[in-house]
Structures are given as structure tokens and as C-alpha cells.
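As a plain string of letters, each chain reads:
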Amino acid sequence: MNLARSFIFTRVAIFLFFVINLFSIYLLLRGHNHPGGGFIGGLGSGMSLVLLSLAVGVEQMQKVLRVDPVRLATLGLLVATLSSALPMLWGDPFLTQYNIKIGGVGLGTPLIFDIGVYLVVIGITVRLIVILARPVEGLCSLTPIERTRYASEIEKPIDQPIEQKIETNWGGQG
Amino acid sequence: MNLVAMPILLPLLTAIAALLLRADTLRRGIVIASCAFQVIVALALVILTARQGPIALSIGDWAPPFGIVLVADLLSSIMVALAGIISLASIVYGYLELPCRLEHPLRIPLTQFLMVGLCQSFLTGDLFNLFVAFEVMLICSYALLTLEADDWDIKQAFPYLAINAVGSMIFLAAVAFAYGIFGTLNFAEISQRAAGMSDDPRVLILAVLLLGVFGIKAGLFPLYFWLPNSYPILSTPLAALFGGMLTKVGVYVLLRVFGTVLPQDLSGLHTVLAWLGGVTMLLGVIGAVSRNFVRGILSFHILSQIGYMVLAIGFFSPYAIAAAIFYNIHNNLVKSSLFLVGGTISLLNGTDDLKRSANLWRATPLLGVAFLLLGLSLAGLPPLSGFWGKLMIVQDGLRQGEYVLIFVALFTSIFTLLSMMKIWNASFWTQDASVPVRIHDRRWIGLTAVTCTMALLTVAVTIFAGPLIELSHQASEEIFKRETYIRAVLQLKADRGGVVDQAVSVPFEAVSDPIDGTSNPWLPEVAR
């Protein structure tokens, strides 16, 4: 389906896409001591992708994103988990953080954890929106490669005729 | 002790690996190895806590009032071990049931995320973290319920989603309320500050709210209708995991909250709990008798067994709590094995509708023996494992003079036996030439092997009932005398230079006994 889009909206949205992403990275970085952080930054970045999908279409947006959003979220989860599990190697409690200062700039492992959260939130936001937006544009809700990863070939493992299902109902024939 | 975090971390890493790998034999190998390792870690945790008492870990090295603690006491470790064993059995069963090509690729990642939520809710020592764990668990369970669902199944799953979403909302409100009363969400600290506040109406309201929330999760009497219709839509291995572990989380949390956290002299509420348990078991078993397909019968039986455990919690004596814990060990294994038997029946007969299944005793006597052992154990026939749990509950009930409830419990047992015999008669004993047995489908051999292994495990519970009951007594002792639990948590606080509440230096009796409200500094002016 070819949706007629306003030229002004498309141009402004493409411009805003970069601005919002820049701002979301700013939110991510300031999150350690100020309001912000991986979650809110990720939401911002995810929203910018949603805006882009409205401007140029979902398929085009997925080409910009390039990666499968679930993979992105998984990668983020992996980063966050590893950064929190690493201190266990030398006996510190799970999720211990280390902070250092290099030339007045505070750096620490919470940033790695936050980047993980950032990726998870982008992945999940995009996943949720894409799966709803693709049918609106007349596309199958999963791309062919996602279908091999996240869909099953069969509906039901157990053969269950319809009569028996009626019995499962409260008001059904006993 | 980082070992406490391992039961949460391992399934998380497994889920990530399963999401990144292709659904093939390699992934299956990795997942099974990880699940086996989870069982080993959990058993190590049981041994360690049985020897040393509770182990606490402050996450991120933050002291308790600000940081979250994970605490493994004997009860939590037992529950984690049971979850590990049942998830291993269910995953192996799922692998033998479906080839890689047909299995839903998201089933394993979601099951592992579910395990994260389960283990976290067993291990956490913080009320808000418990809420988070519940959410992780519930979101995975919503996804798993509707993963391979058709329209009908989604209709059945909807009440599950709706009631649990409302339950979570009330839970969150209750958490906020608890923070308002006690100024902390840490179990150990709430336990200290709440001691002697049992006359305070706010504590009573909090307890009622929590009872309602966990009652929903466990499937207690007025709000149980979501359970018996939603569980049958699950595929067999998932039904085994859900039926074995998921509703038991509600029971565990009731034990934890009423045993360790809230004041121990809320006797009115304990009576309510006992009666709710009684009504639940009766209605559950009547529902089970009315059903005529295996998964439906077993789903109603979950309710009835939950009733037994809640009844024991309601009696609220160290002996009854020990009975509840032992009953939990027995019931988790038996219930999930019965679901596995049901799955094997539906593979062999092509259906688990009792009207259209027959001839199985002749085809697979081994499965029949396994079913008999499990079914009779569920009904509580001596000397099987269910008998000892029920015996302990009945003993304590008689000691407390709750004759009506004991009568209900025994009555329920007879009906349990009746419904088990219904399955036995229809599926195994009846001979009907018109019903085919798909013995040529070789998958049943593997499935029967898994089922029989689980049945052997319940036989082992029967044989080692003595040591296991002793273990339950130790766990119940730990719950009842909160001293060791509180000390393990507050030690973390003291290690980091935190100011520990005065009660830690007070001898234990002063903390647990109902004391005059005026001596509790946490009581606000109004209550004094």
C-alpha cells in the first residue's frame, strides 16, 4: 500500500530523526548523575525510529536500522548481563560497579550496563511498533528472516477436535 | 556469596544464548547442559543452606535499606531446586516430543526467562523486587500461554491475563503502602519493625491486601476461575512447568510473607487463610471430578492441592508449616509428572478426551504403573509420598481442633482418588477395539522414559520421606524463628557500616513475641 505522505512532514521527520538521536545519546550519557539514563535514552531513540517509520514507511525504516530489533535487544541484554556478572569473577557481589576518573570525566561500568539497557529498549520499542505497523502498510507482520527465527510451523502440538474444546467451556455441554 | 545470584544469572544467559542461536540440535544440547547445571547449583544451595543457615547477598554491594538483597534460606533453596528439576524434565520432554523443525523457536528462551522470574521470586529479600520478579514471570507466562495458541485458546487465556494484571496493580499498591508504614521494603527490616504491630489496623490492611494478591496468584477460592481453563491450552511440557511451579510461587510467597515478614500473631487472618484453603480444595476437587479430559482434571487438581498447602499455612504452627513445605516438595514433582503422563496419553491415543481414549494398559504397562504411583500418591494413599504430607496436616489440624476443615480435607482426598480412577479406568483399563493406539509413533518411548524418571523421583521422595521431612522441619524452624534470616541480612548492613535497628541486639524472643506497642519505636504517634 502506498500511503501519500506530506513532503514537509517527511523532510522534517528525517531532520528530527538525527536531532532526537543526538539528544537520546546525551540523555544516556548524563544518566549517571542526572535524570536520564539508558532506559529513557533508549525510549527516545526508539521513538525517533517510530517517527522515521511514519515518514518513510516501515520497510524503509527497517533498512535504516538494518538489524533485527529482537537481536538488538538480545545484544543489549547480553551486554548488561555480562557487565553485571563480570565482578563475580573476582569475588565482588553481582552487579558491583566500578568508577574511575580520567581527566575530570567520570567513567564507569554503570555506563556499559546503561548502554545494554539502551539497546534493549530500542529493540523492544521498535519490535512492538513494527509488528503493529507492518500490517497497516499491507505487509506481513514478520519479515521472512524473522519468520524463520520467531515463528513456528505448526499451530498446535496436540490434536484437539473442536467438540472437546466446547466441553472446556464453563457453559458448554458437560 | 555470589552463589545466590547464580540461579537467576544462569537461565538469563541461557535465554540470551537461545535467542542468538538457531533452533537446532546444538542449541538443544546447550540448553539441556545449562538446565542440568542449574539443578546442580540449586542442590548445592540446598546443601549449603541446610548446613550454614541463610545466605544473603547484597546486590551491587549496596547496603540493605537502599540496595536489594538476595537471600537463600532453606525454603527458597528447596523451591529453586524443585524449579530446576521440573524445568529440566519439561524441556527434555519437549525435545523428545517435537523435532527441532516443529518446535516453536521462542519456547526455550521464554521458558528460561520464566525461570529467571521464578528463581528471583524465590530468592529475593525485598518486597518491590518480588513485584519485579512476578512481572518477569507473568509476562513470560502470558507469552507462553499464547505462543502456539489459536483463537479459542486466546479466549481462554484472556481471564488469566486480566486477573493477573489487576493482581499486579494491587500488589504494587500494597508495596507502596508497606513502604508508607515501615519505611523499608526489606523483608528482614519489615519483619523487625512489624513485630508487635499486629494490632495496628494498617498492618492488618496490608496483610489483607497481600493475601488477596497472592491468593490470586496461587488460585485461592474466590478468584481461582482463571486457572482451570487457561492451563489446558498449554502444550504438555509447558503445562507441567506451569502446573508444577507457577501456582506454587503463590504458596511460597504466602509462606514467606506470613511466616517471615508479617507479625506472627495475625491469628484471625490465619483462620481466614485456612478456611479459604478448605473451600478451594473442595471446589477444586469437585471441578476435577466434573471434567472429562486429562489436562482439565489435572488443572482443577492444582487448585485442590493448593488448598491443602494453604490450609497448612493457615494452621500456622511450626509443624503445619513443615507439612506445607513437605507437601510442596511432593506435590510439585507429582503434579508435573502427571501432566507429562497426560501428554503421553494424548500422544498414544491421539487425544486426552477420556471418552475417546482406551487400551493403554495393554499397550504400555510401564506408563500405567507410573500413572498409578503418581495418581495414588496425589490422592494420598499410604505409603506414597502424598500420604505423609496429608498425615502431618491432619495431625496438626486435629491438635488444633479444626475438625470441620480436617473432614473437608479427607473428603477431598476421596474425591481426588475418584478422579484419578476416572482417568485410570477410561484411558488404561477400558478395552475398546475402535480406539487406535499409535504405538508405531516411536516418540512415546522417550516420553514414557522421562515420565517414569519423574515417577521414580517421587518414589524416591517416598523412600526418603524421613530425611525430607526433617529438612522441612528445619526450613519451617528457620521461617518461624526469624532470627537467622534477619541476622544474615543485617550482617550485610553492619558490614558496610550501616546503622542497624536496635532489635538486632535484642534477644530473639523480644522480637517475635507480641510486645506492647509502646515499646516499638517504629510505631507512629497515632498508634501510641
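See the structure printed just above.
Treat the numbers as computed from the prediction; the structure is a model and nothing was measured. (Residues numbered from 1 in each chain as written. Chains lettered and ligands numbered in written order. Predicted model: local features only at pLDDT ≥ 70, side-chain atom pairs only at ≥ 80, totals over all residues. Heavy atoms only, no water.)

Visitor: If you had to explain the pattern of salt bridges to someone new, which residues and values would you point to?
Guide: Residues and elements named next belong to chain B. Under the definition given, this model contains 13 salt bridges over all chains. The salt bridge involving Arg256 is made with Asp73; its shortest N-O contact spans 2.7 Å. Taken together, the positions of Arg256 in helix H10 (residues 236-261) and Asp73 in the loop between strand E2 (69-72) and helix H3 (74-97) put the pair 183 residues apart, joining distant regions of the chain. Exposure remark for Asp73: the relative accessible area of 1% places this residue in the buried category. (Salt bridge = Lys/Arg side-chain N within 4 Å of Asp/Glu carboxyl O. Helix = DSSP H or I, 4+ residues; strand = E, 2+ residues; numbered from the N terminus. Buried < 20%, exposed > 50% of the residue type's maximum accessible area, 1.4 Å probe, protein only.)

Visitor: Can you tell me about the nonpolar core, naming the residues and giving the values?
Guide: In terms of nonpolar packing, the biggest core is built from 181 residues, with Phe171(B) and Phe214(B) touching the most fellow members. Per-element accounting of this core gives the leading share, 18 residues, to helix H13 (residues 318-349) of chain B. Once you skip the residues sitting within four places of it in the chain, Phe171(B) turns out to touch Leu127(B), Leu130(B), Phe131(B), Phe134(B), Leu210(B), Val213(B) and Phe214(B). Among the nonpolar cores identified, the runner-up in size contains 14 residues, and Leu52(A), Met61(A), Tyr118(A) and Ala133(A) belong to it. (Core = buried A, V, L, I, M, F, W, Y, C linked by side-chain atoms within 4.5 Å. Contact = heavy atoms within 4.5 Å.)

Visitor: How would you explain the pairing of strand E1 (residues 99-102) of chain A if you had to name every residue and give the values?
Guide: Residue and element names in this part refer to chain A. Relative to strand E2 (residues 105-108), E1 runs antiparallel, the two being bridged by four bridges. Across the sheet, the residue bridging to Ile100 is Leu107, located in E2. Between E1 and the antiparallel strand that follows it, E2, lie two residues; Gly103 among them carries a positive phi value of about 55°. (Pairing = 2+ DSSP bridges.)

Visitor: Any details on empty space enclosed by the protein? Residues and values, ideally.
Guide: All names here are of chain B. Taken as a whole and assessed by the stated rule, the structure comprises seven cavities of 30 Å³ or more. Around the second largest cavity, the lining residues are Phe134, Met137, Leu138, Tyr160, Asn164, Lys217, Trp226, Tyr231, Leu246, Thr247, Val249 and Gly250. At the level of secondary structure, the elements contributing two or more residues to the lining of the second largest cavity comprise helix H5 (127-145), helix H6 (151-182) and H10. Take the lining of the second largest cavity: its biggest share by element is four residues, from H10. (1 Å grid on protein atoms, 1.4 Å probe; cavity = no way out; pocket = protein on both sides within 12 Å on 5 of 7 lines; lining within 4 Å. Points joined across faces, edges and corners; volume = space filled by probe spheres on them.)

Visitor: Explain helix H2 (residues 38-56) of chain A residue by residue, including any values.
Guide: Residue and element names in this part refer to chain A. Here H2 is 19 residues long and its end C-alpha atoms lie 27 Å apart, about the 27 Å a rise of 1.5 Å per residue gives. Among the residues of H2, Gly38, Gly41, Gly42, Gly44, Ser45, Gly46, Ser48, Leu49, Val50, Leu52, Ser53 and Ala55 are the ones counted as buried. Of the surrounding elements, those touching the buried residues of H2 are helix H1 (7-30), helix H3 (58-65) and helix H5 (109-136). (Expected span 1.5 Å × (residues − 1).)

Visitor: Provide a residue-level description of the packing of aromatic side chains, including the pertinent values.
Guide: Each aromatic ring pair is described using two quantities: the centre-to-centre distance and the angle formed by the ring planes. For the structure shown, the criterion picks out 23 aromatic pairs over all chains. With 6.2 Å between their ring centres and 40° between their planes, Trp90(A) and Tyr98(A) make a pair best called tilted. Judged by relative accessible area, which is 53%, Trp90(A) ranks as exposed. Taking 5.2 Å as the distance between ring centres and 80° as the angle between the ring planes, the aromatic pair formed by Phe171(B) and Phe214(B) counts as edge-to-face. Taken as a pair, Phe171(B) in helix H6 and Phe214(B) in helix H8 (residues 201-218) lie far apart in primary sequence, 43 residues in all. (Phe/Tyr/Trp six-rings, centres within 6.5 Å; stacked < 30°, edge-to-face > 60°.)

Take it as geometry only, folks, not as evidence of what the structure does.
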